[in-house]
Amino acid sequence: MKILLHAVGEKMPGWVNTGYQEYAKRLSLPECRLELREVAPGKRGKNAAAGKIVEEEGERLLASVPRGAHLVALDVKGKPWSTEQLATVMQGWMQQGQDVSLLVGGPEGLSDACRQQAAQSWSLSPLTFPHPLVRVIVAEQLYRAWSVIRNHPYHRAG
């Protein structure tokens, strides 16, 4: 199974790329692989219409999703999963045998179209995170969930 992380934004700071790559490298396995697909952000300026920008970013996100992928929106209004719940969800994804596409919006979040087309909606936290940091958090949490599934010592919660 391939997990595709579709994220609005390009040219991330070095710490974001380093953090994301650390966990993506660990999840470069035959049964589960994590890949990043960056989507160009909209032009933000003094007179930019935020709603239009989010809508256009949503169109680009959805266009980057391969046909037949299981779509998951990362959204503050989504379902919060514990690590163990994420591991259960991830096992379900692996058993489905289809690729999974996780959608991460830009600074203003996801478009309504992305939310509506998603089969699942996942909330990382009720807190607001900078969208570049979400890449690192998602990659680490996916690796942690995989470690729970495989009884790997990385996850040592008690």
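My aim in this report is to walk through the structure given alongside it, one point at a time. (Residues numbered from 1 in each chain as written. Predicted model: local features only at pLDDT ≥ 70, side-chain atom pairs only at ≥ 80, totals over all residues. Heavy atoms only, no water.)

### Things to note about the nonpolar core
Thought 1: Of all hydrophobic cores here, the largest spans 33 residues; its most connected members are I3, L34, M90, W93, L102 and L142.
Thought 2: For this core, the elements supplying multiple residues, two or more each, are strand 1 (2–8), helix 1 (14–26), strand 3 (70–80), helix 3 (83–96), strand 4 (100–104) and helix 5 (131–149).
Thought 3: Look past the residues within four positions of I3 in its chain and what remains in contact with it is C32, R33, L34, E35, M90, W93, V100, L102 and L142.
Thought 4: Of all hydrophobic cores here, the second largest spans 12 residues; its members include V39, L61, L62 and L71. (Core = buried A, V, L, I, M, F, W, Y, C linked by side-chain atoms within 4.5 Å. Buried < 20%, exposed > 50% of the residue type's maximum accessible area, 1.4 Å probe, protein only. Helix = DSSP H or I, 4+ residues; strand = E, 2+ residues; numbered from the N terminus. Contact = heavy atoms within 4.5 Å.)

### A few points about the environment of S123
Thought 1: On the secondary structure map, S123 appears in strand 5 (residues 120–123).
Thought 2: Measuring from C-alpha to C-alpha, the distance between S123 and L74 comes to 5.8 Å, with 49 residues separating the pair along the chain.
Thought 3: A polar contact is formed between the side chain of S123 and the backbone oxygen of V76, at a distance of 3.2 Å.
Thought 4: Here the side chain of S123 touches S125 through a polar contact of 3.3 Å, landing on its backbone oxygen. (Polar contact = N/O pair within 3.5 Å; in protein donor to acceptor, adjacent residues only side chain to side chain.)

### Overview of helix 5
Side chains of residues three or four places apart in an α-helix project in the same direction, reflecting 3.6 residues per turn.
Thought 1: Between its first and last C-alpha, helix 5 extends 27 Å over 19 residues, near the 27 Å set by a 1.5 Å rise per residue.
Thought 2: Counted residue by residue, helix 5 has 15 buried out of 19 residues, so it is predominantly covered.
Thought 3: Two residues or fewer after helix 5 comes N151, characterised by a positive phi angle close to 55°. (Expected span 1.5 Å × (residues − 1).)

### Observations regarding the sheet that holds strand 3
Thought 1: The 5 strands lie next to each other as 2-1-4-3-5, forming an open sheet whose pairing is parallel. Unpaired on one side and paired on the other, strand 2 (33–39) and strand 5 mark the two borders of the sheet. Recorded for the sheet is a direction-independent mean angle of 30° between the axes of neighbouring strands.
Thought 2: Relative to strand 4, strand 1 runs parallel, the two sharing 5 bridges. Opposite I3, over in strand 4, you have V100 as the bridge partner.
Thought 3: Where helix 3 meets the sheet, its contacts fall on strand 1, strand 3, strand 4 and strand 5, and the angle it forms with strand 3 comes to roughly 165°.
Thought 4: Along the sheet, helix 5 contacts strand 1, strand 2, strand 3, strand 4 and strand 5; its crossing angle with strand 1, the most-contacted strand, is approximately 165°. (Pairing = 2+ DSSP bridges. Axes fitted to C-alpha atoms, helices over the stretch in contact; angles between N-to-C directions.)

### Observations concerning the side chain of H6
Thought 1: On the secondary structure map, H6 appears in strand 1.
Thought 2: Here H6 falls in the buried class, since its relative accessible area comes to 0%.
Thought 3: At 2.8 Å, the side chain of H6 and the side chain of S101 are in polar contact.
Thought 4: Ignoring any residue separated from it by four or fewer positions in sequence, one finds H6 in contact with R37, L61, S64, V65, P66, S101, L102, L103 and V104.

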